[in-house]
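Structure assessment
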Amino acid sequence: MEKIKVGVIYGGRSGEHEISVRSAKTVIEQIDKDKYEVTPIAISREGNWLNPQESLKLFAAETQQLLAENTANFSDSPVALIGDTRYQGLAKLQIAEGEERLAKLDVIFPVLHGTYGEDGTLQGLLEMANIPYVGCGVLASSCGMDKIVMKTLFRDAGLPICRYVWFLRSEWERDNEIVIRQIESKLGFPCFVKPANLGSSVGVSRAADDDSLREAINLAALYDRKIVVEEALDMREIECAVIGNDEPRASSPGEYIIRDDNKKFLDYTEKYAGTGNNEFVVPAHVSNELAVKIQQMAVTAFKAIDGSGLARVDFFFLNKTGALLVNEINTLPGLTDASGFPKMWAGSGMKFSEVIDSLIALAIERHQDKSRNKTSF
Ligand SMILES: Nc1ncnc2c1ncn2[C@@H]1O[C@H](COP(=O)(O)OP(=O)(O)O)[C@@H](O)[C@H]1O
Ligand SMILES: [Mg+2]
(Lines give C-alpha, C1' and ligand atoms only; values in the text may rest on other atoms or scores of the structure.)
(Ligands and ions follow the chains in the order given, each with its own letter.)
Protein backbone atom coordinates (compact mmCIF):
# COMPACT_ATOMS: atom_id res chain seq x y z
CA MET A 1 0.00 0.00 0.00
CA GLU A 2 1.24 3.46 -0.81
CA LYS A 3 2.15 5.55 2.18
CA ILE A 4 0.06 8.55 3.15
CA LYS A 5 2.08 11.72 2.58
CA VAL A 6 2.00 13.93 5.65
CA GLY A 7 3.46 17.44 5.77
CA VAL A 8 4.42 18.35 9.33
CA ILE A 9 4.66 22.13 9.77
CA TYR A 10 6.49 23.52 12.81
CA GLY A 11 8.43 26.42 14.28
CA GLY A 12 6.53 29.52 13.25
CA ARG A 13 6.22 33.20 13.95
CA SER A 14 5.27 32.81 17.58
CA GLY A 15 6.64 33.07 21.10
CA GLU A 16 6.13 29.31 21.19
CA HIS A 17 8.45 28.58 18.24
CA GLU A 18 10.80 26.49 20.37
CA ILE A 19 8.03 24.38 21.88
CA SER A 20 6.61 23.75 18.44
CA VAL A 21 9.95 22.32 17.29
CA ARG A 22 9.94 20.04 20.32
CA SER A 23 6.36 18.97 19.63
CA ALA A 24 7.19 18.24 15.98
CA LYS A 25 10.15 16.15 17.09
CA THR A 26 7.84 13.89 19.08
CA VAL A 27 5.36 13.62 16.20
CA ILE A 28 8.15 12.74 13.75
CA GLU A 29 9.63 10.18 16.13
CA GLN A 30 6.34 8.55 17.02
CA ILE A 31 4.43 8.55 13.73
CA ASP A 32 4.14 5.09 12.13
CA LYS A 33 6.70 5.25 9.34
CA ASP A 34 5.35 2.14 7.65
CA LYS A 35 2.10 3.97 7.05
CA TYR A 36 3.15 7.59 6.61
CA GLU A 37 5.82 9.43 4.68
CA VAL A 38 6.62 12.66 6.51
CA THR A 39 7.81 15.84 4.85
CA PRO A 40 9.18 18.31 7.42
CA ILE A 41 8.25 21.93 6.77
CA ALA A 42 9.62 24.52 9.17
CA ILE A 43 8.68 28.18 9.39
CA SER A 44 11.32 30.51 10.82
CA ARG A 45 10.68 33.05 13.58
CA GLU A 46 10.57 35.68 10.85
CA GLY A 47 7.84 33.76 9.02
CA ASN A 48 9.99 32.32 6.22
CA TRP A 49 9.13 28.85 4.98
CA LEU A 50 12.15 26.58 4.92
CA ASN A 51 12.53 23.83 2.41
CA PRO A 52 12.43 20.29 3.84
CA GLN A 53 16.20 19.88 3.88
CA GLU A 54 16.69 23.15 5.74
CA SER A 55 13.73 22.31 7.95
CA LEU A 56 15.42 19.18 9.22
CA LYS A 57 18.31 21.23 10.57
CA LEU A 58 16.10 22.47 13.38
CA PHE A 59 16.38 19.00 14.90
CA ALA A 60 19.24 17.08 16.44
CA ALA A 61 21.04 14.53 14.25
CA GLU A 62 18.99 11.51 15.41
CA THR A 63 15.70 13.06 14.37
CA GLN A 64 17.20 14.36 11.12
CA GLN A 65 18.18 10.83 10.18
CA LEU A 66 14.62 9.59 10.46
CA LEU A 67 13.56 11.74 7.52
CA ALA A 68 16.74 12.26 5.52
CA GLU A 69 15.47 10.00 2.74
CA ASN A 70 12.14 11.83 2.39
CA THR A 71 13.74 15.23 1.91
CA ALA A 72 16.47 14.32 -0.56
CA ASN A 73 14.56 15.36 -3.68
CA PHE A 74 14.01 18.94 -2.55
CA SER A 75 17.69 19.92 -2.94
CA ASP A 76 17.79 23.59 -2.02
CA SER A 77 14.78 24.91 -3.83
CA PRO A 78 12.66 27.37 -1.89
CA VAL A 79 9.15 26.04 -1.34
CA ALA A 80 5.67 27.44 -0.85
CA LEU A 81 2.25 26.25 0.05
CA ILE A 82 -0.05 27.92 -2.39
CA GLY A 83 -3.67 28.77 -1.71
CA ASP A 84 -4.78 27.35 -5.05
CA THR A 85 -6.60 24.04 -5.30
CA ARG A 86 -4.32 22.92 -8.13
CA TYR A 87 -1.37 22.78 -5.75
CA GLN A 88 -2.31 20.40 -2.98
CA GLY A 89 1.14 20.06 -1.54
CA LEU A 90 4.46 21.79 -1.41
CA ALA A 91 5.41 23.68 -4.55
CA LYS A 92 9.08 24.02 -5.48
CA LEU A 93 9.78 27.56 -6.59
CA GLN A 94 12.90 26.57 -8.52
CA ILE A 95 12.94 23.41 -10.61
CA ALA A 96 15.31 21.86 -13.06
CA GLU A 97 14.00 21.19 -16.54
CA GLY A 98 11.57 18.30 -16.53
CA GLU A 99 11.39 18.24 -12.73
CA GLU A 100 7.98 17.97 -11.09
CA ARG A 101 6.90 21.29 -9.56
CA LEU A 102 4.64 19.85 -6.90
CA ALA A 103 5.44 17.49 -4.04
CA LYS A 104 1.92 16.31 -3.33
CA LEU A 105 0.78 16.04 0.28
CA ASP A 106 -2.28 14.06 1.34
CA VAL A 107 -2.64 15.73 4.69
CA ILE A 108 -0.95 18.46 6.72
CA PHE A 109 -0.25 18.24 10.42
CA PRO A 110 0.25 21.80 11.67
CA VAL A 111 2.31 21.38 14.83
CA LEU A 112 2.43 25.10 15.49
CA HIS A 113 1.57 26.71 18.78
CA GLY A 114 0.40 30.27 19.26
CA THR A 115 0.25 33.03 16.69
CA TYR A 116 0.35 32.28 12.94
CA GLY A 117 -0.34 28.60 13.38
CA GLU A 118 -2.76 27.79 16.16
CA ASP A 119 -4.92 30.83 15.48
CA GLY A 120 -6.63 30.02 12.20
CA THR A 121 -4.23 31.86 9.90
CA LEU A 122 -2.45 28.77 8.59
CA GLN A 123 -5.76 26.89 8.62
CA GLY A 124 -7.15 29.52 6.24
CA LEU A 125 -4.32 28.90 3.80
CA LEU A 126 -4.91 25.14 3.98
CA GLU A 127 -8.63 25.63 3.34
CA MET A 128 -7.82 27.70 0.26
CA ALA A 129 -5.47 24.98 -0.98
CA ASN A 130 -8.14 22.36 -0.19
CA ILE A 131 -5.71 20.10 1.69
CA PRO A 132 -6.99 18.02 4.63
CA TYR A 133 -5.27 19.06 7.88
CA VAL A 134 -5.13 17.87 11.45
CA GLY A 135 -6.94 19.82 14.13
CA CYS A 136 -9.40 22.63 14.39
CA GLY A 137 -10.65 24.68 11.46
CA VAL A 138 -10.36 28.42 11.01
CA LEU A 139 -13.18 29.45 13.33
CA ALA A 140 -12.37 27.07 16.20
CA SER A 141 -8.67 27.86 15.96
CA SER A 142 -9.16 31.59 16.18
CA CYS A 143 -11.81 31.35 18.91
CA GLY A 144 -9.59 29.00 20.89
CA MET A 145 -6.68 31.40 20.57
CA ASP A 146 -8.41 34.46 21.92
CA LYS A 147 -8.91 34.19 25.67
CA ILE A 148 -11.69 36.77 25.57
CA VAL A 149 -13.70 35.27 22.72
CA MET A 150 -13.37 31.78 24.21
CA LYS A 151 -14.69 32.98 27.57
CA THR A 152 -17.74 34.43 25.85
CA LEU A 153 -18.40 31.12 24.10
CA PHE A 154 -17.84 29.12 27.31
CA ARG A 155 -20.23 31.30 29.25
CA ASP A 156 -22.81 30.95 26.52
CA ALA A 157 -22.43 27.15 26.71
CA GLY A 158 -23.14 27.32 30.46
CA LEU A 159 -19.56 26.60 31.54
CA PRO A 160 -18.32 28.28 34.72
CA ILE A 161 -15.40 30.68 34.29
CA CYS A 162 -13.52 33.06 36.58
CA ARG A 163 -14.15 36.79 37.01
CA TYR A 164 -12.20 38.94 34.56
CA VAL A 165 -11.96 42.25 32.79
CA TRP A 166 -10.42 43.01 29.43
CA PHE A 167 -9.32 46.10 27.56
CA LEU A 168 -7.38 47.19 24.51
CA ARG A 169 -3.72 48.19 24.64
CA SER A 170 -4.74 51.52 23.09
CA GLU A 171 -7.17 52.13 25.98
CA TRP A 172 -4.38 51.39 28.44
CA GLU A 173 -2.02 53.71 26.65
CA ARG A 174 -4.61 56.48 26.45
CA ASP A 175 -5.43 56.41 30.15
CA ASN A 176 -3.71 54.08 32.63
CA GLU A 177 -5.81 55.27 35.54
CA ILE A 178 -9.22 54.34 34.11
CA VAL A 179 -7.98 50.81 33.44
CA ILE A 180 -6.37 50.42 36.88
CA ARG A 181 -9.52 51.69 38.63
CA GLN A 182 -11.67 49.24 36.70
CA ILE A 183 -9.43 46.31 37.66
CA GLU A 184 -9.26 47.36 41.30
CA SER A 185 -13.00 47.78 41.60
CA LYS A 186 -14.01 44.63 39.73
CA LEU A 187 -11.25 42.21 40.76
CA GLY A 188 -8.85 43.61 43.34
CA PHE A 189 -5.54 41.93 44.18
CA PRO A 190 -3.92 39.54 43.54
CA CYS A 191 -4.80 39.17 39.87
CA PHE A 192 -3.41 37.61 36.71
CA VAL A 193 -2.59 39.64 33.63
CA LYS A 194 -2.37 37.97 30.23
CA PRO A 195 -2.10 38.86 26.56
CA ALA A 196 -5.38 37.64 24.99
CA ASN A 197 -3.73 35.68 22.19
CA LEU A 198 -0.78 33.65 23.36
CA GLY A 199 0.16 30.50 25.20
CA SER A 200 2.86 28.76 27.22
CA SER A 201 2.49 31.49 29.86
CA VAL A 202 4.38 33.95 27.65
CA GLY A 203 3.57 37.47 28.84
CA VAL A 204 1.49 36.17 31.78
CA SER A 205 2.15 37.54 35.26
CA ARG A 206 0.66 37.73 38.69
CA ALA A 207 0.13 41.19 40.16
CA ALA A 208 -0.11 41.72 43.89
CA ASP A 209 -0.33 45.51 44.01
CA ASP A 210 -0.68 48.64 41.93
CA ASP A 211 2.99 48.74 40.88
CA SER A 212 3.21 45.13 39.82
CA LEU A 213 -0.12 45.47 38.02
CA ARG A 214 1.22 48.31 35.86
CA GLU A 215 4.35 46.32 35.15
CA ALA A 216 2.30 43.23 34.26
CA ILE A 217 0.07 45.17 31.88
CA ASN A 218 3.06 46.75 30.16
CA LEU A 219 4.53 43.29 29.70
CA ALA A 220 1.31 41.80 28.30
CA ALA A 221 0.97 44.82 26.00
CA LEU A 222 4.24 43.85 24.31
CA TYR A 223 2.55 40.73 23.01
CA ASP A 224 -0.99 41.67 22.10
CA ARG A 225 -3.41 44.52 21.50
CA LYS A 226 -5.96 42.87 23.78
CA ILE A 227 -5.26 42.24 27.44
CA VAL A 228 -7.22 40.21 29.95
CA VAL A 229 -7.00 40.43 33.73
CA GLU A 230 -8.46 37.73 35.98
CA GLU A 231 -8.99 37.25 39.68
CA ALA A 232 -6.09 35.15 41.03
CA LEU A 233 -7.40 31.81 42.16
CA ASP A 234 -6.21 29.43 44.83
CA MET A 235 -6.60 26.23 42.88
CA ARG A 236 -5.32 23.01 41.40
CA GLU A 237 -4.67 22.79 37.67
CA ILE A 238 -6.45 19.91 35.97
CA GLU A 239 -6.39 19.21 32.25
CA CYS A 240 -8.32 16.97 29.92
CA ALA A 241 -7.50 15.96 26.34
CA VAL A 242 -10.18 15.74 23.66
CA ILE A 243 -10.09 13.98 20.29
CA GLY A 244 -12.81 13.80 17.66
CA ASN A 245 -14.92 15.73 15.20
CA ASP A 246 -18.70 15.82 15.68
CA GLU A 247 -18.60 13.23 18.47
CA PRO A 248 -15.53 14.13 20.49
CA ARG A 249 -14.31 12.02 23.39
CA ALA A 250 -12.31 13.01 26.42
CA SER A 251 -9.26 11.35 27.97
CA SER A 252 -8.66 10.56 31.56
CA PRO A 253 -7.90 13.95 33.21
CA GLY A 254 -4.38 14.83 34.35
CA GLU A 255 -3.09 17.23 36.95
CA TYR A 256 -0.08 19.49 37.43
CA ILE A 257 1.32 18.93 40.88
CA ILE A 258 3.54 21.84 41.88
CA ARG A 259 5.94 20.86 44.65
CA ASP A 260 7.61 24.16 45.34
CA ASP A 261 5.10 26.27 47.25
CA ASN A 262 7.08 29.44 46.62
CA LYS A 263 6.43 29.09 42.95
CA LYS A 264 3.25 31.06 42.38
CA PHE A 265 2.20 29.66 38.99
CA LEU A 266 3.15 27.59 35.96
CA ASP A 267 5.25 30.06 34.05
CA TYR A 268 7.21 29.25 30.90
CA THR A 269 10.25 27.92 32.79
CA GLU A 270 8.11 25.85 35.07
CA LYS A 271 6.31 24.31 32.12
CA TYR A 272 9.31 23.45 29.95
CA ALA A 273 12.65 23.67 31.73
CA GLY A 274 12.24 20.46 33.67
CA THR A 275 12.78 22.27 36.97
CA GLY A 276 11.67 19.20 38.85
CA ASN A 277 9.25 21.42 40.77
CA ASN A 278 6.22 20.14 39.00
CA GLU A 279 4.94 16.89 37.71
CA PHE A 280 2.04 16.10 35.42
CA VAL A 281 0.21 13.10 36.80
CA VAL A 282 -2.40 10.95 35.09
CA PRO A 283 -4.98 10.26 36.29
CA ALA A 284 -5.58 13.46 38.23
CA HIS A 285 -6.13 12.87 41.93
CA VAL A 286 -9.88 13.43 41.83
CA SER A 287 -12.94 11.31 42.55
CA ASN A 288 -14.51 9.31 39.72
CA GLU A 289 -17.50 11.57 39.89
CA LEU A 290 -15.36 14.67 39.40
CA ALA A 291 -13.38 13.00 36.60
CA VAL A 292 -16.62 12.37 34.71
CA LYS A 293 -17.69 15.99 35.23
CA ILE A 294 -14.30 17.19 33.92
CA GLN A 295 -14.68 15.02 30.82
CA GLN A 296 -18.19 16.28 30.16
CA MET A 297 -17.12 19.89 30.57
CA ALA A 298 -14.11 19.30 28.30
CA VAL A 299 -16.38 18.00 25.56
CA THR A 300 -18.78 20.93 26.07
CA ALA A 301 -15.88 23.39 25.78
CA PHE A 302 -14.69 21.65 22.60
CA LYS A 303 -18.14 21.89 21.07
CA ALA A 304 -18.56 25.49 22.24
CA ILE A 305 -15.75 26.61 19.94
CA ASP A 306 -16.86 24.17 17.21
CA GLY A 307 -13.66 22.19 17.63
CA SER A 308 -12.42 19.35 15.48
CA GLY A 309 -9.48 16.98 15.64
CA LEU A 310 -7.91 17.70 18.98
CA ALA A 311 -7.78 20.09 21.89
CA ARG A 312 -6.74 20.24 25.50
CA VAL A 313 -9.10 21.84 27.97
CA ASP A 314 -7.56 23.30 31.13
CA PHE A 315 -9.46 23.66 34.38
CA PHE A 316 -9.06 25.37 37.71
CA PHE A 317 -10.29 23.26 40.62
CA LEU A 318 -10.76 25.70 43.48
CA ASN A 319 -9.28 24.64 46.81
CA LYS A 320 -11.78 26.40 49.04
CA THR A 321 -15.11 25.76 47.35
CA GLY A 322 -14.42 22.69 45.21
CA ALA A 323 -15.80 24.56 42.20
CA LEU A 324 -14.53 23.62 38.77
CA LEU A 325 -13.88 26.45 36.31
CA VAL A 326 -12.78 26.23 32.70
CA ASN A 327 -9.58 28.21 32.24
CA GLU A 328 -8.90 27.76 28.55
CA ILE A 329 -8.91 25.52 25.52
CA ASN A 330 -5.77 24.91 23.47
CA THR A 331 -6.44 23.79 19.93
CA LEU A 332 -2.83 22.75 19.27
CA PRO A 333 -1.70 21.65 22.70
CA GLY A 334 1.94 20.86 23.38
CA LEU A 335 2.94 17.48 22.00
CA THR A 336 6.45 17.31 23.47
CA ASP A 337 7.49 14.26 25.43
CA ALA A 338 6.81 16.26 28.59
CA SER A 339 3.39 17.50 27.50
CA GLY A 340 0.04 16.67 29.02
CA PHE A 341 -1.85 15.78 25.84
CA PRO A 342 0.15 12.63 24.94
CA LYS A 343 0.41 11.66 28.60
CA MET A 344 -3.34 11.83 29.14
CA TRP A 345 -3.98 9.58 26.13
CA ALA A 346 -1.27 7.19 27.27
CA GLY A 347 -3.05 7.10 30.63
CA SER A 348 -6.27 6.33 28.77
CA GLY A 349 -4.70 3.35 27.00
CA MET A 350 -3.82 5.06 23.71
CA LYS A 351 -0.21 5.19 22.52
CA PHE A 352 0.91 8.41 20.85
CA SER A 353 1.35 6.67 17.48
CA GLU A 354 -2.31 5.63 17.71
CA VAL A 355 -3.29 9.18 18.64
CA ILE A 356 -1.53 10.43 15.50
CA ASP A 357 -3.33 7.76 13.47
CA SER A 358 -6.71 8.90 14.65
CA LEU A 359 -5.86 12.58 14.20
CA ILE A 360 -4.96 11.96 10.57
CA ALA A 361 -8.11 9.89 10.02
CA LEU A 362 -10.18 12.68 11.59
CA ALA A 363 -8.52 15.27 9.34
CA ILE A 364 -9.48 13.28 6.26
CA GLU A 365 -12.99 12.67 7.59
CA ARG A 366 -13.56 16.37 8.22
CA HIS A 367 -12.23 17.28 4.81
CA GLN A 368 -14.58 14.78 3.16
CA ASP A 369 -17.51 16.04 5.18
CA LYS A 370 -16.78 19.62 4.12
CA SER A 371 -16.41 18.52 0.49
CA ARG A 372 -20.08 17.51 0.61
CA ASN A 373 -21.06 21.17 0.86
CA LYS A 374 -22.13 22.67 -2.43
CA THR A 375 -20.15 25.73 -3.45
CA SER A 376 -22.49 26.72 -6.24
CA PHE A 377 -26.21 26.59 -6.90
N1 LIG B 1 -6.78 33.35 37.27
C2 LIG B 1 -5.68 32.69 37.63
N3 LIG B 1 -5.43 32.40 38.93
C4 LIG B 1 -4.31 31.73 39.31
N5 LIG B 1 -3.37 31.29 38.45
C6 LIG B 1 -3.56 31.54 37.14
C7 LIG B 1 -4.72 32.23 36.66
N8 LIG B 1 -4.63 32.32 35.34
C9 LIG B 1 -3.50 31.72 34.98
N10 LIG B 1 -2.83 31.26 36.07
C11 LIG B 1 -1.53 30.56 36.02
O12 LIG B 1 -0.82 30.97 34.85
C13 LIG B 1 -0.64 29.88 33.95
C14 LIG B 1 -0.78 30.36 32.52
O15 LIG B 1 -2.06 30.92 32.29
P16 LIG B 1 -2.99 30.44 31.11
O17 LIG B 1 -4.26 31.20 31.17
O18 LIG B 1 -3.13 28.98 31.14
O19 LIG B 1 -2.20 30.93 29.84
P20 LIG B 1 -1.42 30.17 28.68
O21 LIG B 1 -2.33 30.23 27.51
O22 LIG B 1 -0.19 30.96 28.49
O23 LIG B 1 -1.18 28.76 29.14
C24 LIG B 1 -1.69 28.87 34.38
O25 LIG B 1 -1.31 27.57 34.01
C26 LIG B 1 -1.71 29.07 35.89
O27 LIG B 1 -0.60 28.45 36.52
MG1 LIG C 1 -2.49 27.42 29.92
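Residues numbered from 1 in each chain as written. Chains lettered and ligands numbered in written order. Predicted model: local features only at pLDDT ≥ 70, side-chain atom pairs only at ≥ 80, totals over all residues. Heavy atoms only, no water.

**As for the site of ligand 1**
If you check the shell around ligand 1, you find 19 residues, and the closest are Lys147, Lys194, Ser201, Glu237 and Glu328. In the model, a nitrogen atom of ligand 1 is placed 3.0 Å from a nitrogen or oxygen of the glutamate 230 side chain. Between leucine 233 and ligand 1, the recorded distance is 2.9 Å, taken from a backbone N or O atom to a nitrogen atom. For ligand 1, the accessible surface in isolation is 540 Å², of which the surrounding protein chains cover 97%. The pocket occupied by ligand 1, as judged from atoms lying within 2 Å of grid points, is the largest cavity. Of all elements in the fold, only β8 (191-195), β10 (226-231), β11 (235-244) and β16 (324-330) reach the threshold of two or more residues within the shell around ligand 1. (Near = heavy atom within 4 Å. Polar contact = N/O pair within 3.5 Å; in protein donor to acceptor, adjacent residues only side chain to side chain. Areas by Shrake-Rupley, 256 points an atom, 1.4 Å probe, with all protein chains shown as cover. 1 Å grid on protein atoms, 1.4 Å probe; cavity = no way out; pocket = protein on both sides within 12 Å on 5 of 7 lines; lining within 4 Å. Sits in = over half its atoms within 2 Å of the grid points. Helix = DSSP H or I, 4+ residues; strand = E, 2+ residues; numbered from the N terminus.)

**Considering the side chain of serine 77**
Its place among the elements puts serine 77 in the loop between α3 (61-71) and β3 (79-80). Of note is the side chain of serine 77, whose polar atom sits 3.0 Å from the backbone oxygen of glutamine 94. The residues touching serine 77, leaving out its near neighbours within four places in the chain, are Asn51, Lys92, Leu93 and Gln94. (Contact = heavy atoms within 4.5 Å.)

**Regarding the packing of aromatic side chains**
Inspection of the entire model under this criterion finds 4 aromatic pairs. Between tyrosine 256 and phenylalanine 280 the ring centres are 5.0 Å apart and the planes differ by 70°, which places this aromatic pair in the edge-to-face class. Placement of tyrosine 256 in strand β13 (residues 254-258) and of phenylalanine 280 in strand β14 (residues 278-281) is noted, with a sequence separation of 24 residues between them. On the basis of relative accessible area, tyrosine 256 is assigned to the buried category, the value being 13%. For phenylalanine 280, a relative accessible area of 9% puts it in the buried group. With a centroid separation of 6.4 Å and 70° between ring planes, the pair formed by phenylalanine 341 and tryptophan 345 is classed as edge-to-face. Placement of the pair is phenylalanine 341 and tryptophan 345 together in helix α12 (residues 340-346), with a separation of 4 residues, close to one helical turn. The exposure classification of phenylalanine 341 matches that of tryptophan 345, with both residues buried. Of note, lysine 151 hangs over the ring of tyrosine 164, and the distance from its end group to the ring centre comes to 5.1 Å. Taking NZ or CZ as reference, lysine 226 lies 5.6 Å from the ring centre of tryptophan 166, over its face. (Phe/Tyr/Trp six-rings, centres within 6.5 Å; stacked < 30°, edge-to-face > 60°. Buried < 20%, exposed > 50% of the residue type's maximum accessible area, 1.4 Å probe, protein only. Lys NZ or Arg CZ within 6 Å of the ring centre and 35° of its normal.)

**Some details on the pattern of salt bridges**
If you walk through the whole model with that rule in mind, you get 20 salt bridges. In this structure, aspartate 357 engages lysine 35 in a salt bridge whose closest nitrogen and oxygen atoms are separated by 3.2 Å. On the criterion of sequence distance, the pair formed by aspartate 357 in helix α13 (residues 352-371) and lysine 35 in the loop between α1 (17-30) and β2 (36-43) is long-range, its members being 322 residues apart. Note on aspartate 357: relative accessible area 21%, which makes it partly exposed. For lysine 35, a relative accessible area of 36% corresponds to the partly exposed category. Residues lysine 370 and glutamate 127 are paired through a salt bridge, measuring 2.8 Å at the closest nitrogen-oxygen approach. Of this pair, lysine 370 sits in helix α13 while glutamate 127 sits in helix α4 (residues 121-129), and the two are 243 residues apart along the sequence. Taking relative accessible area as the criterion, lysine 370 reaches 45% and is therefore assigned partly exposed. (Salt bridge = Lys/Arg side-chain N within 4 Å of Asp/Glu carboxyl O.)

**Comments concerning the pairing of strand β1 (residues 4-11)**
It is a general feature of regular strands that their side chains alternate between the two faces of the sheet. Taken across its 8 residues, β1 has 6 buried, putting it largely inside the fold. Both β1 and β2 contribute to a ladder of 8 bridges, which runs parallel. Counterpart to isoleucine 4 in the pairing with β2 is tyrosine 36. For the crossover from β1 across α1 to β2, the handedness is right-handed. In terms of strand pairing, β1 meets strand β6 (residues 107-110) through 4 bridges, oriented parallel. (Pairing = 2+ DSSP bridges. Right-handed = clockwise from strand over helix to strand, strands pointing away.)

**Describing the sheet that holds strand β4 (residues 89-92)**
The strand order β3-β4-β5 describes an open sheet built from 3 strands, whose pairing is antiparallel. Of all strands in the sheet, those bounded by a partner on one side alone are β3 and β5 (102-104). Bridge count between β4 and β5: 3 bridges; the pairing is antiparallel. Directly across from leucine 90, in β5, lies its bridge partner alanine 103.

**Details of the environment of phenylalanine 189**
Structurally, the position occupied by phenylalanine 189 is in the loop between α8 (176-186) and β8. For phenylalanine 189, a relative accessible area of 32% corresponds to the partly exposed category. A C-alpha to C-alpha distance of 6.3 Å links phenylalanine 189 and aspartate 209, two positions 20 residues apart in sequence. What phenylalanine 189 contacts, discounting residues up to four positions off in sequence, is Glu184, Ala207, Ala208, Asp209, Asp210 and Leu213.

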